[in-house]
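Next come the chains, spelled out residue by residue.
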Amino acid sequence: MAAAAELSLLEKSLGLSKGNKYSAQGERQIPVLQTNNGPSLTGLTTIAAHLVKQANKEYLLGSTAEEKAIYRVTQIDGHSSKNDIHTLLKDLNSYLEDKVSLTGYNFTLADILLYYGLHRFIVDLTVQEKEKYLNVSRWFCHIQHYPGIRQHLSSVVFIKNRLYTNSH
Amino acid sequence: MRLFVSEGAPGCLPVLAAAGRARGRAELLISTVGPEDCVVPFLTRPKVPVLQLDSGNYLFSTSAICRYFFLLSGWEQDDLTNQWLEWEATELQPALSAALYYLVVQGKKGEDVLGSVRRALTYIDHSLSRQNCPFLAGETESLADIVLWGALYPLLQDPAYLPEELSALHSWFQTLSTQEPCQRAAETVLKQQGVLALRPYLQKQPQPSSPEGRAVTNEPEEEELATLSEEEIAMAVTAWENGLESLPPLRPQQNPVLPVTGERNVLITSALPYVNNVPHLGNIIGCVLSADVFARYSRLRQWNTLYLCGTDEYGTATETKAMEEGLTPQEICDKYHIIHADIYRWFNISFDTFGRTTTPQQTKITQDIFQRLLTRGFVLQDTVEQLRCERCARFLADRFVEGVCPFCGYEEARGDQCDKCGKLINAVELKKPQCKVCRSCPVVQSTHHLFLDLPKLEKRLEEWLGRTLPGSDWTPNARFITRSWLRDGLKPRCITRDLKWGTPVPLEGFEDKVFYVWFDATIGYLSITANYTDQWERWWKNPEQVDLYQFMAKDNVPFHGIVFPCSALGAEDNYTLVSHLIATEYLNYEDGKFSKSRGVGVFGDMAQDTGIPADIWRFYLLYIRPEGQDSAFSWTDLLLKNNSELLNNLGNFINRAGMFVSKFFGGYVPEMVLTPDDQRLLAHVTLELQRYHQLLEKVRIRDALRSILTISRHGNQYIQVNEPWKRIKGSEADRQRAGTVTGLAVNIAALLSVMLQPYMPTVSATIQAQLQLPPPACSILLTNFLCTLPAGHQIGTVSPLFQKLENDQIESLRQRFGGGQLEETFDLKAKTSPKPAVIETVTTAGPQQIQALMDEVTKQGNIVRELKAQKADKNQVAAEVAKLLDLKKQLAVAEGKPPEAPKGKKKK
């Protein structure tokens with residue numbers, strides 16, 4: 001998904017009415033936002049954080065220093081190449097082993113952005129892979145049901161009973 | 001908190017420089033670890049620096065750690081800093097790590113190193129000089145400066161890589177480098193060895209891809225034209241010129257089809273559908289349709305092919321269904337067998353025989369295999385505790401018991417599985433069990449059952465798999481499932497059941513028991529063949545000459561990959577075992593699963609009523625065939641694929657090629673004088689044709705379909721570039737060129753019609769009739785592209801092949817079949833009536849109900865109008881409108897009309 005599309009989704013989920021116009025820069029189509037009062041902003045997470053503030057939903061940026069620091073960890077994920085995605089999912093899976101959301105217990109911008117960023121990969125996972133990355137699936141399923149997040153993106157189906165466990 | 005750093009890890013520089021900020025606000029321990037140490041337990045690759053927080057959590061990104069330190073010092077984040085940090089991570093880092101890798105690991109120098117980062121350095125320099133500030137985010141040093149400085153230091157500390165002309169960057173770098181925390185950090189990490197200190201760390205990193213490399217996209221990549229050698233082109237031209245003459249004679253059709261010594265004999269089976277379920281699209285693509293494509297392909301290759309299937313008719317489900325409908329099990333099977341056969345006939349499935357499992361042959365062969373297993377000691381007897389209904393005087397099979405689920409307390413749990421929580425249940429564990437027939441309470445008694453001794457056969461199975469699997473075309477999921485069963489060790493499996501409707505067990509003491517379906521269902525393939533020809537053993541006891549392909553969805557793999565091979569190996573009668581086990585993943589419907597009980601999804605018998613031709617269904621199902629991963633049926637996608645791939649690509653090309661012959665050349669294929677460009681096109685088409693063959697030989701059905709579309713795209717381009725419709729009006733040479741282009745194009749169309757035959761048989765026949773393709777060319781597909789329509793060949797009448805699907809047509813179908821947003825409505829209905837198929841509500845809604853609904857629609861309409869007039873809150877209006885639409889939908893259903901498509905955009 002192009003970054004501009006992710007941002008439009010974010011805008012809607014934040015309840016911002018006015019659709020910002022994004023231009024794209026360079027080969028990698030980095031989004032640029034021209035703000036009303038000040039310089040233009042470049043980059044996906046930068047604009048995302050800006051939009052959150054614009055919507056007065058700062059809690060999404062995290063409340064403790066720890067949460068504020070973490071929400072940014074995920075920024076590279078959206079740019080990962082297909083080869084790396086499995087390592088990434090594996091790590092994310094173990095990371096989420098004991099967490100509800102990326103920062104622990106509170107839903108933040110990190111979850112939203114990572115959800116948008118990962119959607120195209122998760123859609124393509126096989127049932128077996130989804131089961132392998134069980135914690136990611138659980139997290140992903142949770143986020144996609146968060147009101148207003150999923151929007152037009154396809155809802156990914158996760159099967160509740162395990163198919164590949166070795167009992168028979 | 002504890003900070004882990006490592007000597008020579010570049011990320012430690014900014015972290016250490018920023019750590020000063022946190023001093024005095026939190027206790028900070030700094031530990032030095034080796035670059036290979038895995039500090040964070042959940043990361044695959046070792047990563048330093050890492051900050052372990054007092055909560056036990058880890059921060060493992062350099063900029064996150066720096067950010068954390070700054071946040072502790074009371075700093076508030078701002079957009080500009082965020083922007084710099086993001087730029088650092090996404091732009092600077094890839095370029096920089098490439099530069100460092102070239103410099104330190106590969107020993108490159110000068111511009112080779114600087115080249116990759118120059119753009120990034122210039123960008124920093126411009127930003128600094130433009131805003132005329134000493135620091136990146138203003139007058140004072142900030143997080144952005146520390147992070148960027150830390151990243152750049154290893155490279156820029158060597159003056160050779162700090163270009164003089166970037167003066168703003170130059171002074172910014174010098175200012176920071178002289179600061180005390182930065183100096184100390186540099187010393188700790190680089191140990192005064194300069195950039196070489198990073199060597200041990202960088203050597204272990206994967207080589208960075210060049211930052212100029214192409215961005216990774218998820219879009220299907222445009223087919224790049226392969227480069228062709230002169231030889232390839234020459235060969236393609238020779239094959240083309242040989243034309244029809246190189247076709248071998250057509251194999252005479254035999255009846256029955258029997259293996260022929262010295263030929264390739266292909267036996268194809270598709271999983272036997274269970275008789276009393278109407279198959280849905282997922283079932284159809286999973287086995288019968290996939291197998292059909294391969295069978296048709298196999299025949300096009302002139303391989304000696306037998307394709308068989310049939311209904312699986314024995315078992316509990318049939319018996320209970322018979323009880324419900326007040327028929328005998330045999331009558332139920334007769335009724336549903338016809339429904340199945342009709343559906344497959346409509347889908348144009350080319351079975352050589354479509355049989356059933358309730359035949360005397362089935363009993364004979366099953367009992368024979370059983371006796372052989374028994375005499376060879378592969379059958380065990382054991383006592384099992386089981387529920388027995390005294391009133392019915394029989395032991396109850398799992399499905400004949402209902403009761404309260406021991407796990408979730410659901411009241412109507414079945415004896416084998418709870419519908420609510422989905423857990424598997426042991427029937428004796430049910431609370432308050434009831435006999436499903438007479439509703440009395442059964443008692444637990446012990447009874448004898450027979451078990452197949454799989455552990456004893458395990459070794460033979462492994463030997464056979466060891467011989468079979470390498471080099472075969474078993475799909476990865478089939479291999480995986482089989483392997484995981486073997487890894488856990490096989491256990492004895494019960495092969496008898498307390499039923500009447502099944503194959504009788506020929507053993508004293510088991511007169512009131514039958515074989516469990518999974519023991520005898522796979523034997524159905526043999527008995528169906530035996531009913532087709534009395535020489536069935538030439539197929540099934542002939543492993544040397546017969547290549548057996550079995551198609552199924554992945555849930556069937558254990559029976560075909562483990563259980564049946566074990567029975568057959570244990571029976572020691574030289575059975576033909578599966579050479580290629582082809583399993584698909586699952587097909588979902590829109591956003592969820594197919595569900596008969598909720599009326600969601602398209603079922604085989606309904607596909608005919610949609611007005612969409614069978615070939616379009618076949619095309620779309622094969623296009624999304626769940627090959628390697630699950631896929632989903634989507635109405636919108638169906639519309640898109642029909643209109644873009646079939647109508648605009650394939651149909652357009654074939655139609656244009658034919659029309660040019662009719663219009664410009666009076667229906668006769670013109671003379672073709674091939675130019676080097678045309679020859680190259682011949683070679684490209686040949687290459688794609690060969691790819692198609694390679695893929696289908698490996699049963700990669702979905703991928704091979706793409707080859708067809710690619711050739712047609714080449715064809716469209718060829719016509720577009722050469723513009724025969726203009727040239728035909730030009731000079732003599734132009735007219736000749738128009739002839740060549742038209743002739744070549746119509747020959748490509750002829751080739752496509754044959755390649756398309758396995759996928760869309762009716763369309764293929766239509767094209768062949770329009771082009772009057774000579775008969776042998778219709779039924780044989782070679783690996784080379786031949787000129788099958790030579791100059792002077794007269795073609796028939798050309799007409800369009802496909803129809804456009806319209807949005808409202810698809811929208812009304814989507815509503816009719818449920819799915820997506822409608823699912824909940826169906827859920828509700830499912831609770832009120834046991835069988836909520838939409839069609840049934842049509843017939844049951846009486847005039848009073850319709851009137852009541854109409855009144856409600858009018859009432860709700862007034863509410864909406866009033867609200868709108870008052871300019872009420874948007875959400876409130878939307879909610880009432882939704883109610884209104886829902887009522888209208890119900891009304892439409894009740895009146896038996898297809899519901900109107902909602903106007904405007906979908907709101908959700």
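Note that this is a predicted model, so its numbers are computed, not measured. (Residues numbered from 1 in each chain as written. Chains lettered and ligands numbered in written order. Predicted model: local features only at pLDDT ≥ 70, side-chain atom pairs only at ≥ 80, totals over all residues. Heavy atoms only, no water.)

Draft legend 1. The overall build of chain B, seen in detail. Each helix and strand counted, chain B has 33 helices and 20 strands in total. By the burial criterion, 55% of the 908 residues in chain B qualify as buried. By sequence separation, contacts in chain B at least 24 residues apart represent 76% of the contacts at least 6 residues apart. If you sum the accessible surface of chain B, you get close to 40500 Å²; carbon and sulfur atoms cover 50% of it. (Helix = DSSP H or I, 4+ residues; strand = E, 2+ residues; numbered from the N terminus. Buried < 20%, exposed > 50% of the residue type's maximum accessible area, 1.4 Å probe, protein only. Contact = heavy atoms within 4.5 Å. Areas by Shrake-Rupley, 256 points an atom, 1.4 Å probe, with all protein chains shown as cover.)

Draft legend 2. Spatial organisation of the pairing of strand β17 (residues 546-553) of chain B. All names here are of chain B. By the criterion of burial, β17 is predominantly enclosed, with seven of the eight residues buried. When strand β5 (residues 265-270) meets β17, the two strands line up parallel, connected through six bridges. In the strand pairing of β17, N265 is matched with V546. Here β17 runs beside strand β18 (residues 580-584); their pairing, made up of five bridges, is parallel. For A553, the partnering residue across the bridge sits in β18 and is T584. In this region the chain leaves β17, passes through helix α19 (residues 557-571) and returns to the parallel neighbour β18; the handedness of that crossover is right-handed. (Pairing = 2+ DSSP bridges. Right-handed = clockwise from strand over helix to strand, strands pointing away.)

Draft legend 3. Layout of the packing of helix α3 (residues 79-105) of chain B against helix α4 (residues 111-131) of chain B. All names here are of chain B. Interhelical geometry of α3 versus α4 gives an angle of 150° and a closest axis separation of 7 Å. The angle between the axes of α3 and α4 places the two elements in the roughly antiparallel class. Between α3 and α4 the crossing geometry is left-handed. Between α3 and α4, the contacting residues are W84, W87, L92, A95, L96, A98, A99, Y102 and L103 on the first element and D112, V113, S116, V117, A120, Y123, I124 and S127 on the second. (Axes fitted to C-alpha atoms, helices over the stretch in contact; angles between N-to-C directions. Parallel < 35°, antiparallel > 145°, perpendicular 65-115°, else oblique. Left-handed = near helix turned anticlockwise from the far one by under 90°.)

Draft legend 4. Here's a closer look at the packing of aromatic side chains. What the rule picks out here adds up to 34 aromatic pairs over all chains. Both rings, one in Y115 of chain A and one in F140 of chain A, keep their centres 4.9 Å apart while their planes meet at 40°; by these two values the pair is tilted. With Y115 of chain A in helix α5 (residues 109-123) and F140 of chain A in helix α7 (residues 134-144), this residue pair connects regions lying 25 residues apart in the sequence. Overall, F140 of chain A belongs to the buried group, its relative accessible area being 0%. Taking the centre distance of 5.5 Å and the plane angle of 90° together, the rings of W84 of chain B and W87 of chain B count as edge-to-face. One end of the pair, W84 of chain B, and the other, W87 of chain B, are both in helix α3, three residues apart, so they sit about a helical turn from each other. A relative accessible area of 5% places W84 of chain B in the buried class. Residue classification places W87 of chain B among the buried residues on the basis of a relative accessible area of 13%. Connected via pairs of aromatic rings, a cluster forms that spans F294, Y297, W303, Y549, F551 and Y692 of chain B. The ring of W303 of chain B is capped by R264 of chain B, whose NZ or CZ atom sits 4.1 Å from the centre of that ring. (Phe/Tyr/Trp six-rings, centres within 6.5 Å; stacked < 30°, edge-to-face > 60°. Lys NZ or Arg CZ within 6 Å of the ring centre and 35° of its normal.)

Draft legend 5. Spotlight on the state of the cysteines. Residue and element names in this part refer to chain B. Taken as a whole and assessed by the stated rule, the structure comprises zero disulfides over all chains. You can see C389 has no disulfide; the closest cysteine sulfur is in C438, sitting 3.4 Å from it. We note that C405 lacks a disulfide partner, and the nearest cysteine sulfur, in C408, lies 3.7 Å from it. (Disulfide = S-S within 2.5 Å.)

Draft legend 6. Just the packing of helix α21 (residues 614-623) of chain B against helix α22 (residues 635-665) of chain B, in detail. Residue and element names in this part refer to chain B. In contact at an axis separation of 10 Å, α21 and α22 are set at 105° when each is read in the N-to-C sense. Overall, the two elements α21 and α22 adopt an arrangement that is roughly perpendicular. Residues I616, W617, F619, Y620 and Y623 of α21 pack against W635, D637, L638, K641, N642, E645 and L646 of α22. Partitioning the contact of α21 with α22 into residue classes produces eight nonpolar, one polar and three charged. (Nonpolar A, V, L, I, M, F, W, Y, C, P; charged D, E, K, R; others polar.)

Draft legend 7. Geometry of the nonpolar core. By size, the foremost hydrophobic cluster in this structure holds 173 residues, and its most contacted members are F633, W635, Y692 and Y759 of chain B. With twelve residues, helix α10 (residues 281-300) of chain B is the largest single contributor of residues to this core. Setting aside residues no more than four positions away along its own chain, F633 of chain B makes contact with L281, L587, N588, Y589, E590, W617, Y620, L621, I624 and L638 of chain B. In this structure, L16 of chain A together with L16, F69 and A95 of chain B belong to the second largest nonpolar core, which totals 121 residues. (Core = buried A, V, L, I, M, F, W, Y, C linked by side-chain atoms within 4.5 Å.)

Draft legend 8. Focus on the sheet that holds β17 of chain B. Residues and elements named next belong to chain B. Across the sheet, five strands lie side by side as β7-β6-β5-β17-β18; this open sheet has parallel pairing. Edge positions in the open sheet fall to β7 (353-356) and β18, since each of these has one partner strand only. Averaged over all neighbouring strand pairs, the angle between strand axes comes to 20°, with direction disregarded. Pairing analysis gives four bridges linking strand β6 (residues 304-311) to β7, with the strands arranged parallel. In the strand pairing of β7, G310 is matched with G355. Against the sheet, helix α12 (residues 329-346) makes contact with β6 and β7, and its axis sits at roughly 160° relative to β7, the strand it touches most.

Draft legend 9. The side chain of R656 of chain B, seen in detail. Residues and elements named next belong to chain B. One can find R656 in helix α22. Despite its burial, R656 pairs with no opposite charge, the nearest such side chain being E723 at 8.9 Å. A distance of 3.2 Å separates the side chain of R656 from the side chain of N716, its partner in a polar contact. What R656 contacts, discounting residues up to four positions off in sequence, is N716, I719, Q720 and W725. (Lys, Arg positive; Asp, Glu negative; His and termini not counted. Salt bridge = Lys/Arg side-chain N within 4 Å of Asp/Glu carboxyl O. Polar contact = N/O pair within 3.5 Å; in protein donor to acceptor, adjacent residues only side chain to side chain.)

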